[in-house]
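Summary of the model geometry
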Amino acid sequence: AKEMSYSGFEVSSTVGSTSRRIFSKKSNLPVIVLSACAVMAACCFFSQGRLLSTMASVRRGATGISGMRAPSFRNHHPNPVRGLTSCQANGLPIDLKGKKAFVAGVADDQGFAWAISKCLVEAGADVSLGIWVPALGIFKKSMQMGKFDESRKLSDGSLMDFEKLYPLDAVFDTPEDVPEEIATNKRYAGESDWTISEVANLVEKDIGKIDILVHSLANGPEVRNPLLETSRKGYLAAQSASAYSLVSMVQKFGPIMNEGGSVLSLTYDASNKVVPGYGGGMSSAKASLESDTRTLAYEAGRKHKIRVNTVSAGPLGSRAARAIGFIERVINYSYKNAPIEKELSAMEVGQTAAFLLSPLASAITGQVVYVDNGLSTMGLSLDSPTLKAEEEQTA
């Protein structure tokens, strides 16, 4: 028993006992105090019960951002889950109403840039696109003919639309950088003001200041060449299009971004791990992109008060990814070896991007955020013939 006195009352409590002398003086105050304690105990009991129930439901399978029950994955699942296909979120909302976004790198309705754009629109942002000059005409025609209508459908049934479409070639910073053979190329005919500085000026004139800048650009003309067979020209071309273009865009767009704005790029884990077949200097370009992300986060953060992050996405069978020639095998490898046994959905990257580009991520900058079903965490491939041989010997 422990004895103590408080406000003239003698309190006695014994661990394990349900009946003890509580107060030694007669008064209504002890009744009030005991009643309050009883109410508090009941509240704690029921609150704890709800918490335990919630925790149990999480262990059974919590709901994800799409509001769907988290799936249970098994080896050799006959009907593999392919990930999220919707941007709609329940619970804590991502609110980008009134925000202006510029997304560079959309070419069709299948890649990460399209998914990011769609999630930004779902969250309320006004999105403008920067499209590679030779692809702009095809993109506009496809939109007009309704080829993208199915992919444009939003959660409310309406079709996604864009505020402005701009021609863009992020390999060139100013008109003076454009060589004669590009300036006179028929694929660029009819378009003007498509270098990074010119597009930034047009965006400021047409839209004003923006809040979001997305860099989804990469190109390596010798991507199928091993590094030992890559030319200097090919290597530097990969760096220019895939890495320096981010630096240039932050240089030119940073001054027209609102304080608290956010920049996001896309990278790949070949930046720090060997991925045979991802050549032509592209792995080096992604390493540069990630390093530049950290430096830009500091410099642009101090100068413009904006954030800079990059998403390291897992393999996706987009049109651009097919250029490396073995994307289906990489997807299959990821499916068999990642902790979460499913194919990556572009919308999963889009939703992560929407979060990182929103005020909800206001303290996150200079980071490489992996969205790859956990593949980057693995040190051994589960489908390795060596491991299988050892398992057969011990069986």
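Residues numbered from 1 in each chain as written. Predicted model: local features only at pLDDT ≥ 70, side-chain atom pairs only at ≥ 80, totals over all residues. Heavy atoms only, no water.

Points about the pairing of strand β7 (residues 257-267)
Successive side chains on a regular strand alternate, one facing one side of the sheet and the next facing the other. Let me state the cut-off plainly: Under the scheme applied here, a residue whose accessible area is under 20% of the maximum for its type counts as buried, over 50% as exposed, and between as partly exposed, the area being computed with a 1.4 Å probe on protein chains only. Each helix corresponds to a stretch of at least 4 residues labelled H or I by DSSP, and each strand to a stretch of at least 2 residues labelled E; elements are numbered beginning at the N terminus. Only strands that DSSP links by at least two bridges are regarded as paired with each other. Crossovers are marked right-handed if the path from the first strand over the helix to the second runs clockwise, as seen with the strands pointing away from the viewer.
Counted residue by residue, β7 has 8 buried out of 11 residues, so it is predominantly covered. Relative to β7, strand β6 (residues 210-215) runs parallel, the two being bridged by 5 bridges. Each residue of the ladder has a partner; that of Val 214, found in β7, is Leu 264. Regarding the hand of the β-α-β motif, the stretch spanning β6, helix α7 (residues 232-253) and β7 is right-handed. Note: β7 against strand β8 (residues 307-313), 6 bridges, orientation parallel. Across the sheet, Ser 262 pairs through a bridge with Arg 307, a residue of β8.

Section: the packing of α7 against helix α8 (residues 282-304)
Counted only if it meets this: Angular values range over 0 to 180 degrees, each being the angle between N-to-C directions of two axes fitted as lines to C-alpha atoms, with helices fitted over their stretch in contact. Oblique is the label for any angle not covered by the other classes, which are roughly parallel (under 35 degrees), roughly antiparallel (over 145) and roughly perpendicular (65 to 115). Here is the rule for handedness: rotate from the far helix to the near one, and if that takes an anticlockwise turn smaller than a right angle the crossing is left-handed, while a clockwise turn gives right-handed. For this analysis, residues touch if any pair of their heavy atoms sits within 4.5 Å. For this classification, the nonpolar set comprises Ala, Val, Leu, Ile, Met, Phe, Trp, Tyr, Cys and Pro, the charged set comprises Asp, Glu, Lys and Arg, and every other residue, Gly included, is treated as polar.
Taken N-terminus to C-terminus, the directions of α7 and α8 make an angle of 15°; their axes are 9 Å apart at the nearest point. One element, α7, and the other, α8, form an angle in the roughly parallel class. Once α7 is placed against α8, the crossing between them reads as right-handed. Contact with α7, carried on its side by Tyr 235, Ala 238, Gln 239, Ser 242, Ala 243, Leu 246, Val 247 and Val 250, involves Met 282, Ser 284, Ala 285, Ser 288, Leu 289, Asp 292, Thr 293, Leu 296 and Ala 300 of α8 and no other residues of that element. Considered class by class, the residues forming the contact of α7 with α8 number 11 nonpolar, 5 polar and 1 charged.

With respect to unusual backbone geometry
If you check the backbone angles, Asp 193 has positive phi at about 55° while not being a glycine. Residue placement: Asp 193 occurs in the loop between α5 (180-183) and α6 (196-206). Despite not being glycine, Lys 305 shows a phi value in the positive range, around 60°. Tracing the backbone shows Lys 305 in the loop between α8 and β8.

Here's the deal with helix α3 (residues 133-144)
The criterion, for reference: An expected span of 1.5 Å times one less than the residue number is assigned to each helix.
The first and last C-alpha atoms of α3 sit 18 Å apart over 12 residues, in line with the 16 Å expected at 1.5 Å per residue. Of all the positions in α3, only Val 133, Pro 134, Ala 135, Leu 136, Phe 139, Ser 142 and Met 143 are classed as buried. Once α3 ends, the next one or two residues include Gly 146, with phi positive near 80°.

A closer look at the sheet that holds β7
Strand order in the open sheet formed by 7 strands is β5-β4-β3-β6-β7-β8-β9, with parallel pairing between adjacent strands. The open sheet terminates on both sides in strands that have one partner only, identified here as β5 (165-168) and β9 (368-371). For this sheet the average axis-to-axis angle between neighbouring strands, irrespective of direction, equals 20°.

Let's talk about the pattern of salt bridges
Going by this rule: Any carboxyl oxygen of Asp or Glu within 4 Å of a side-chain nitrogen of Lys or Arg constitutes a salt bridge here.
Overall, the coordinates contain 7 salt bridges when judged by the stated rule. A salt bridge links Lys 153 to Glu 150, with the nearest nitrogen and oxygen atoms 3.4 Å apart. In this structure Lys 153 comes out as partly exposed when scored by relative accessible area, which is 43%. The residue Lys 342 makes a salt bridge to Glu 348 at a minimum N-O spacing of 2.7 Å. Its relative accessible area of 7% is what places Lys 342 among the buried residues. Within this structure, Lys 100, Asp 126 and Glu 163 form a network of salt bridges that share partners.

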